[in-house]
Amino acid sequence: MKRNFRDADFDRLAAFWNSFAPERYRIDGELLKIKTVDCPVFDWGASMIEEADGEILGFASVKKSAASLYKGPDKDTAVLSLLAFCDPHYGIDLISEVKRTLRNRGFAQLTFGTDCGHFFPGCPTDFPALKDFLMIEGFTEGGEAVDLERDLKDYENPFPIPKDAEYRALEHKDIEALNTFLQREFPGRWHYDVLSKISAEGPDCCHALFRKGKVDGFALIQDWNDTNPTGGAVWRADLGQNWGSLGPIGTSASLRGKGYGHALLGQGLMELKNRGVNRCIIDWTGLVSFYGKHGFEPTRKYKSMSLKFE
């Protein structure tokens, strides 16, 4: 029997997911709820749980396009954010119902991951049960992204802040300046994600590069005290105690290639180190060489997966 996510037991759903997915992708019920039904684009009609005699047999979490929240996403693309099943027959039944629902609404495409409030930036390459299932169901592979990690216990920043810049945590009085900067330089997802995080955690979760009194760069940082983890911080269980996360991060286009980005990154990492962070993650990137200069190495790889409806 299929049911929707209303009154769902998220601890049980998380335990079911953890029995299905590789250990490094473990989650808890609180995080699952935040990243599904608490997301403003969660699709209540296309998401479903398969049960029999009170036992969970599988579930699918779907989200609508985030085009209503920020610039960039295709309004005709829906996102499969999580899919789990105890037997492929239940997986086929679930994904068939998801496809039917979305087709009837006129959606043109379904992707796996990259959703607003995502767990995955694509299908993990070390999760063959999921990857093979999606391929059989008609999804095709696209580009690759990686998560990077390093232990910060011995980190030292080799890139000083340029003399014409100041680096510090944001204060409430700086939020409008950050908003102006993000609208100019990163008007899509990052603008939305960073301001949402500040709303949830306070302005000091974002550190910024200031030049002539204006924001010219930013870095979002998180640690184990955060109540609403985003980005790579969703893998907090695998990162261990005193985990940290950095990103997104970026500078004004006019400053790129001049050392400001490395200086900003290094200062953010030193902030996390000084807080006591051990394992730190930088998620969903292709800039391996850039972050590699700070000792980061790939730990997870993802392939974008998409299905076009006929």
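Residue positions within a chain follow its written sequence, with the count starting from 1. The predicted nature of this model means local features are confined to residues of pLDDT at least 70 and side-chain atom pairs, given and counted, to a pLDDT of 80 or more, with totals for whole chains, interfaces and linings taken over all residues. Excluding hydrogens and water, the side-chain values take into account all heavy atoms of the structure.

Enquirer: Can you explain the side chain of D283? Please cite residues and give values.
Expert: Each helix is a run of H or I in the DSSP string that is no shorter than four residues. Each strand is a run of E no shorter than two, and both are numbered from the N terminus. Assignment of secondary structure puts D283 in strand β12 (residues 279-285). Relative accessibility decides the category of a residue: with a 1.4 Å probe and only protein chains considered, values under 20% of the type maximum give buried, values over 50% give exposed, and everything between is partly exposed. Only four residue types enter the tally: Lys and Arg on the positive side, Asp and Glu on the negative side, with His and both chain ends excluded. Each salt bridge in this description consists of a side-chain nitrogen of Lys or Arg and a carboxyl oxygen of Asp or Glu lying within 4 Å of one another. For the buried D283, which has no salt bridge, the nearest side chain bearing the opposite charge is R189, at an N-O separation of 7.9 Å. Residues count as neighbours in contact if any of their non-hydrogen atoms are within 4.5 Å of one another. Ignoring anything within four residues of it in the chain, the contact list for D283 reads H118, V146, D147, G231 and G232.

Enquirer: Talk me through empty space enclosed by the protein; I want residue IDs and the actual numbers.
Expert: Buriedness for pockets is judged along seven lines, at least five of which must meet protein on both sides within 12 Å for an open set on the 1 Å grid over protein atoms alone, while cavities are sets there where a 1.4 Å probe fits but cannot get out, and lining residues have an atom within 4 Å of a point. Grid points are joined across faces, edges and corners, and a volume is the space filled by probe spheres set on the points. Using the criterion set out here, one finds 1 cavity of 30 Å³ or more in the structure. Put simply, the largest cavity is a space of about 30 Å³. When residues are sorted by character, Ala, Val, Leu, Ile, Met, Phe, Trp, Tyr, Cys and Pro go into the nonpolar class, Asp, Glu, Lys and Arg into the charged class, and all the rest, Gly among them, into the polar class. Of the residues belonging to the lining of the largest cavity, the class tally is 5 nonpolar, 3 polar and 2 charged.

Enquirer: Pulling in residues and values, what's your account of unusual backbone geometry?
Expert: Residue P248 is bonded to the preceding G247 through a cis peptide linkage, with omega at 5°. You will see that W284, though not glycine, has its phi angle at about 50°, which is positive. Looking at the secondary structure, you find W284 in strand β12. The partly exposed category is assigned to W284, whose relative accessible area is 31%.

Enquirer: Quick one: what's the story with the layout of surface pockets, residue by residue and with numbers?
Expert: Of the voids in this model, the largest pocket is the one considered here, and its volume is about 940 Å³. Lining the largest pocket we find 49 residues, and of these W190, P248, D283, W284 and T285 sit closest to its centre. Residue contributions to the lining of the largest pocket peak at 6 residues, all from strand β11 (residues 244-251). Partitioned by chemical class, the residues of the lining of the largest pocket number 21 nonpolar, 19 polar and 9 charged. In this structure, the second largest pocket occupies an estimated 320 Å³ of space.

Enquirer: Which residues make up the side chain of H207, and what are the values?
Expert: Examined against the element boundaries, H207 turns out to sit in strand β9 (residues 206-211). Two N or O atoms count as a polar contact when they lie within 3.5 Å, although within protein this holds only if one can serve as hydrogen donor and the other as acceptor, and sequence-adjacent residues are included solely when both atoms are side-chain atoms. A distance of 2.8 Å separates a polar atom in the side chain of H207 from a polar atom in the side chain of Y167. Apart from the residues lying within four places of it in its own chain, the contact partners of H207 are Y167, R168, A169, L170, G217, F218, A219, I221, E271 and R275.

Enquirer: Could you give an account of the packing of helix α5 (residues 175-185) against helix α6 (residues 189-201), with specific residues and numbers?
Expert: Between α5 and α6, the shortest axis-to-axis distance is 10 Å and the interhelical angle comes to 165°. In terms of their interaxial angle, α5 and α6 are classed as roughly antiparallel. Regarding α5 and α6, the two cross each other, and that crossing is right-handed. Judged by residue contacts, I175, L178, N179, L182 and Q183 of α5 engage H191, V194, L195 and I198 from α6. Residues that form the contact of α5 with α6 fall into these classes: 6 nonpolar, 3 polar and no charged. Axis lines are fitted to C-alpha atoms, over the contacting stretch for helices. Their N-to-C directions set the angle, which ranges from 0 to 180 degrees. When describing relative orientation, an angle under 35 degrees is termed roughly parallel and one over 145 degrees roughly antiparallel, while 65 to 115 degrees is termed roughly perpendicular and anything else oblique. In this scheme, a crossing is called left-handed if the near helix is turned counterclockwise away from the far one by less than a right angle; it is called right-handed if the turn is clockwise.

Enquirer: Describe in detail the pairing of β11, supporting the description with residues and values.
Expert: Of all 8 residues in β11, 8 are buried, a share of seventy percent or more. Of the strand pairs in this sheet, strand β10 (residues 214-223) and β11 are connected by 6 bridges, and their pairing is antiparallel. From the neighbouring strand, G217 faces β11, where its bridge partner is T251. Strands qualify as paired when DSSP identifies two bridges or more between them. Pairing between β11 and β12: 2 bridges, direction parallel. In the sheet register, S245 faces β12, and the bridge partner there is I281. Each parallel crossover has a hand, and the one from β11 via helix α8 (residues 260-275) to β12 is right-handed. Here, the term right-handed applies to a crossover whose path from the first strand over the helix to the second runs clockwise when the strands point away from the viewer.

Geometry only, nothing functional implied.
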